[in-house]
Number of protein chains: 2
Amino acid sequence: MQSLLVVGTGLIGTSIGLALQGQRRVLLADVDDEALGAAVDRGAGQRWDGRTDVDLAVVAVPPLLTAGALQDLQRREVSASLTHVASCQSRVQHDLELLETDLSNVCGGHPLAGREVAGPAGATARLFVGRPWVACPSPETAADVLTQVTDLAVACGADPTVMSPEAHDRAVALSSHLPQVTASALAARLLESDTAAVRVSGPGLQDTTRVAASDPDLWTDVLSANAGHVAPLAALLADDLRRVADALSVLARTPDDGAALGVVRDVLSRGNAGRALVPVKRGVRDRDVAVVAVRVPDQPGRLADLLVRAAAAGVNVEDVRVEHLAGHQTGVVELLVRADQRTDLLSALRAGGLEVLGELS
Amino acid sequence: MQSLLVVGTGLIGTSIGLALQGQRRVLLADVDDEALGAAVDRGAGQRWDGRTDVDLAVVAVPPLLTAGALQDLQRREVSASLTHVASCQSRVQHDLELLETDLSNVCGGHPLAGREVAGPAGATARLFVGRPWVACPSPETAADVLTQVTDLAVACGADPTVMSPEAHDRAVALSSHLPQVTASALAARLLESDTAAVRVSGPGLQDTTRVAASDPDLWTDVLSANAGHVAPLAALLADDLRRVADALSVLARTPDDGAALGVVRDVLSRGNAGRALVPVKRGVRDRDVAVVAVRVPDQPGRLADLLVRAAAAGVNVEDVRVEHLAGHQTGVVELLVRADQRTDLLSALRAGGLEVLGELS
C-alpha cells in the first residue's frame, strides 16, 4: 500500500485522510497538536514521527504558508513527490521560485470542495466525491509527479483535471473567489438594517449569503493571493451593480423609463443565461428521485416514527428535510426516495394515518 | 365553509388554492386559460363563473397589474374583502389611490415564499408553511379585512405579521430584492468567461447564483415597483465591491499592504456578522443550534434507529441531513438540535454504539 503524508489537518487535510482509509497508509502532521489529535481521533490517519519516508506528501495549510511548508519537506527529504491543495496556484508557484525550491518534484493541486464549517470537525470522507480536483503542474514538474496527483484525486472520488497555475487562478477567481466577495458584501449590508429585513426573509437570502459564514482570515489570504485575477472581476461586478442602482434611481422617479427598465431587464436576463451554465448538484438527477411531504407534530420521536414506518416497508430514505419553526406545533418533513419506491412509501405512510401533503417530482 | 376567489393561477395563486383545500371553497380565475386549466387539474379549486360572490378575493397577478385587478373586482362587487400578494406594497397602494379605489375593503399581503419554478406546475400546498406572510393595511383598511388576511395566512400554514406598506418594502428591498439583483449580476459575469470557470466550480457558485434562475420579466416589475428602496442599497453594495476591488488591485502589486488587507478582511468579517443574523431555517439562527454527525450504514431502518435513540433521550431533532452516494456502504447523517440538547444527544448516540464523527457548531 502506498503511503501518504498530510501536513495540515484542517478540513481539507483531514478529509483527504478519511477518504483514503483502506487505500493508502496515511500519516498526519500539524503544528496545532489539538487539530492533529482531532484528525487522528476521527480516523484520518496516524501521527507522523517527523522522519518516516512517504510516496507522496500533501501540504494542506493556508495558501500563504504553502510554499514554506513544501520547502521544509524537500529539505527533510521526506518524499520524492510533493503536492498541495492551495486555492491559488500562481502565488504558491511564485513563492517556490523565490525560495529556489526544486520544482521538478512539486505539482500543485486544488480540490474544489469545502464547507463553511472549518477544521477537522467538518471533515468527511465524501468531501471530494464528484468534485473537480485541478492538478496544476509547472513547466518543471516531472510527469510522474503529475500522475501521482491525479491518482490522489481519483482515490478521493474526485474528477481530476489539469490546468496551468495561471488558467486555474483565472477560473477560480470567477467561480469561487468572486462569489465569496459578493456573498460577504451582501451579508454585510444586513448589519446596517433594523431586524425587520431578516425577519421577513425567504430562502433567497439564505442561499445567497451562505458562504459569507466562511473564515475571514483564511479568505483574506486566499483573496490577496489571487488578487490580480479577482480585482478586475470585482470591479466589473461593482460597475454592473452601479448601473442597476442608477437605473433604479431613475425608475423610482419615472416608473416607465424605457432605458432604465432595459438596464434592469438586461442584468436579470444575463443572470438567467449565466446561471444556466452552472452545473447542478453532483451525481443525482432530479428525475431519479421522488419527494414526499408529510405533516408531523413537532415532538421528540415523531420523525423517528415516520422513518420506522418507511423502513418497515423496505423503503430506503435517501434524504430527509425537516421544515418547521421552533415552537410550532407541526412541521413538514420531506422524504427523498428512489422514484420506484415512492408508491410503497405513500402506502406505508397513509396506512400509519400520517398526513401526506403532496408529492414533488 | 368560507369561500375564496383567487385571481391569477401562477405559482402563488395555485399554491394558495392547494393549501386551502378542505378549509375554504376555492374558486379560480386567470386571463390565461391554460394556466387556469392547469391549476384546476392540480386540484387547487374550481373555475369561477365570473359572477359568484365570495367572502375574500385574492389577487395574485404581477405587481404592476395588481391595482387594476383589484379595482375590477371592486366594480363587479364580487367580494366585500380584497387582498393581494404583491412583493411591493407601496406601489400597489399608490396605484389604488390613483385609481380612486375604495381603500377600506382592501388589505395588502405578501407571503415570503417562492421557488425558481414558476407557474401552476411549481405550486405546492406546503409553499407557505412556516414562512412569513406580511399583512400591509393602509390607514383606511377596515379591521375585519385585516383579520381576514391574517386568517388566510394562518390557514395556509404561514406566520402572519403586520407592517405598513412602507416598512414592508424597506425590509424586502434588503432581504429579497437586493439578493436577487446581486445573484443576477454575479451569474451574468459567467457569460463573459471561457468554460473553465464553471467547470472548476464548487458549491459556493451553485448557492450564490440559484435565484438568478428567476423570471426576468416578473423581477423587472418587482424591482421597478420597489426601485426607491432597492436603488440606494444596490449603490452601497456597488461601493463596497468597488472598495474591495481597489484594495485587491493594491494587493496584486503589494501583497502585504496593511490598509488593503484591512479592507478585504473587514468586508469578510462584516459578512460573517451579517450572515449570523440570517435565520438558518425559518427562525433558527446558527448560534442556537448544534450539529452532530454520525456514520450509519446505508440500509433501510438505520436512520430510523438513530432518531428513535434521540427521541428516547428526549431530544427533538430539528433537522436531519443525510449525505451519501447511492451505492456506498455507509452514509453520514447530520442531526441539528437545540444547542442545549447536544450533550443528551451525544450520550444517547454513544450509548447506542453509534459512531459520532464530529460536532459542528
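Residues numbered from 1 in each chain as written. Chains lettered and ligands numbered in written order. Predicted model: local features only at pLDDT ≥ 70, side-chain atom pairs only at ≥ 80, totals over all residues.

Student: Would you explain the overall build of chain A in this entry?
Tutor: Scanning chain A for helices and strands turns up 13 helices and 12 strands. Seen through its C-alpha atoms, chain A measures out along the principal axes to roughly 65 × 65 × 35 Å. Relative to its full complement of 361 residues, chain A shows a buried share of 53%. Of all intrachain contacts in chain A linking residues separated by at least 6 positions in sequence, the fraction that spans at least 24 positions is 71%. (Helix = DSSP H or I, 4+ residues; strand = E, 2+ residues; numbered from the N terminus. Buried ≥ 20, exposed ≤ 12 C-beta atoms within 10 Å, placed from the backbone. Contact = placed C-beta atoms within 7 Å.)

Student: Just to check I follow, could you spell out the environment of Thr254(B) for this structure?
Tutor: Position of Thr254(B) among the secondary structure elements: in the loop between helix 10 (227-253) and helix 11 (258-275). Along the primary structure Thr254(B) and Gly8(B) are separated by 246 residues, whereas in three dimensions their C-alpha atoms are 58 Å apart.

Student: So what exactly am I meant to see when it comes to the nonpolar core here?
Tutor: In summary, soluble globular proteins display a tendency toward joint burial of nonpolar side chains. The biggest cluster of nonpolar side chains holds 190 residues, and the ones touching the most others in it are Ala234(A) and Ala234(B). If near-sequence neighbours (up to four positions away) are discounted, Ala234(A) is found in contact with Leu178(A), Val181(A), Leu241(B), Val244(B), Ala245(B) and Leu248(B). If you look at the next biggest cluster of nonpolar residues, it comprises 37 residues, including Ala293(A), Val315(A), Leu303(B) and Val337(B). (Core = buried A, V, L, I, M, F, W, Y, C linked by C-beta atoms within 7 Å.)

Student: Please clarify how the environment of Leu11(B) should be interpreted in this entry.
Tutor: Looking at the secondary structure, you find Leu11(B) in helix 1 (residues 11-20). Sequence separation between Leu11(B) and Ala231(B) is 220 residues; the distance between their C-alpha atoms is 27 Å.

Student: What exactly am I supposed to notice about the interface of chain A and chain B here?
Tutor: Many structure descriptions define interface size as the accessible area lost when the parts assemble. Across the boundary between the two partners, chain A contributes 119 residues, which contact 116 residues of chain B. For the side of chain A that touches chain B, the leading source of residues is helix 10 (residues 227-253) of chain A, giving 19 residues.

Student: Looking at this structure, how should I read unusual backbone geometry?
Tutor: Residue and element names in this part refer to chain A. Positioned with a positive phi, Glu100 is a non-glycine residue whose angle comes to about 55°. Its place among the elements puts Glu100 in the loop between helix 4 (89-98) and strand 6 (106-111). With 8 C-beta atoms packed within 10 Å, Glu100 lands in the exposed category.

Student: It is not clear to me how the pairing of strand 6 of chain A should be interpreted in this structure. Could you clarify?
Tutor: Taken residue by residue, a regular strand's side chains alternate between the two faces of the sheet. Residue and element names in this part refer to chain A. Counting buried positions over the six residues of strand 6 gives six, a clear majority of the element. Burial of the side chains of strand 6 extends over both faces: Val106, Gly108 and His110 are buried on one face and Cys107, Gly109 and Pro111 on the other. In this sheet, strand 6 lies alongside strand 5 (residues 82-84) in parallel orientation, the contact comprising two bridges. Bridge pairing in strand 6 places Thr83 opposite Cys107. This β-α-β element, strand 5 to helix 4 to strand 6, shows right-handed connectivity. (Pairing = 2+ DSSP bridges. Right-handed = clockwise from strand over helix to strand, strands pointing away.)

Student: Just to check I follow, could you spell out the sheet that holds strand 1 (residues 3-7) of chain B for this structure?
Tutor: Backbone-to-backbone hydrogen bonds join strands into a sheet, with any given pair of strands oriented parallel or antiparallel. Residue and element names in this part refer to chain B. In spatial order, the strands read 3-2-1-4-5-6-7-8; together these eight strands make up an open sheet with mixed pairing. Edge positions in the sheet fall to strand 3 (46-47) and strand 8 (159-162), since each of these pairs with one other strand and no more. Pairing between strand 7 (residues 132-136) and strand 8: four bridges, direction parallel. Following the sheet pairing, Trp133 is matched in strand 8 by Pro160. Docked against the sheet, helix 1 engages strand 1, strand 2 (25-29), strand 4 (56-59) and strand 6 (106-111), running at close to 160° with respect to strand 1. (Axes fitted to C-alpha atoms, helices over the stretch in contact; angles between N-to-C directions.)

Student: Hey, could you run me through the confidence of the model for chain A in this one?
Tutor: Predicted coordinates in areas of low pLDDT are best not read in detail. Residues and elements named next belong to chain A. Residues at a pLDDT of 70 or more form 90% of chain A, whose mean pLDDT is 88. In this model, residues 281-287 is a region of pLDDT below 50 whose contacts with residues beyond four sequence positions or in other chains number five contacts. Note on residues 324-328: pLDDT is under 50 here. Beyond four places in sequence and across chains, it has 13 contacts. Taken together, the chains of this predicted complex give a pTM of 0.78 and an interface ipTM of 0.77. (pLDDT = per-residue confidence, 0-100.)

Student: I tried to follow the packing of helix 3 (residues 63-75) of chain A against helix 4 of chain A on my own but got confused; where do I start?
Tutor: Packed helices, taken two at a time, are described by the angle between their axes plus the distance between the axes. All names here are of chain A. Contact geometry of helix 3 with helix 4 gives a least axis separation of 9 Å together with a crossing angle of 40°. The pairing of helix 3 with helix 4 is recorded here as oblique in orientation. Helix-helix and strand crossings are classified by hand; for helix 3 and helix 4 the assignment is right-handed. Each of Pro63, Thr66, Ala67 and Leu70 in helix 3 lies in contact with helix 4, whose residues at this interface are Arg91, Val92, Asp95 and Leu96. Each residue belonging to the contact of helix 3 with helix 4 can be placed in one class, and the counts come to five nonpolar, one polar and two charged. (Parallel < 35°, antiparallel > 145°, perpendicular 65-115°, else oblique. Left-handed = near helix turned anticlockwise from the far one by under 90°. Nonpolar A, V, L, I, M, F, W, Y, C, P; charged D, E, K, R; others polar.)

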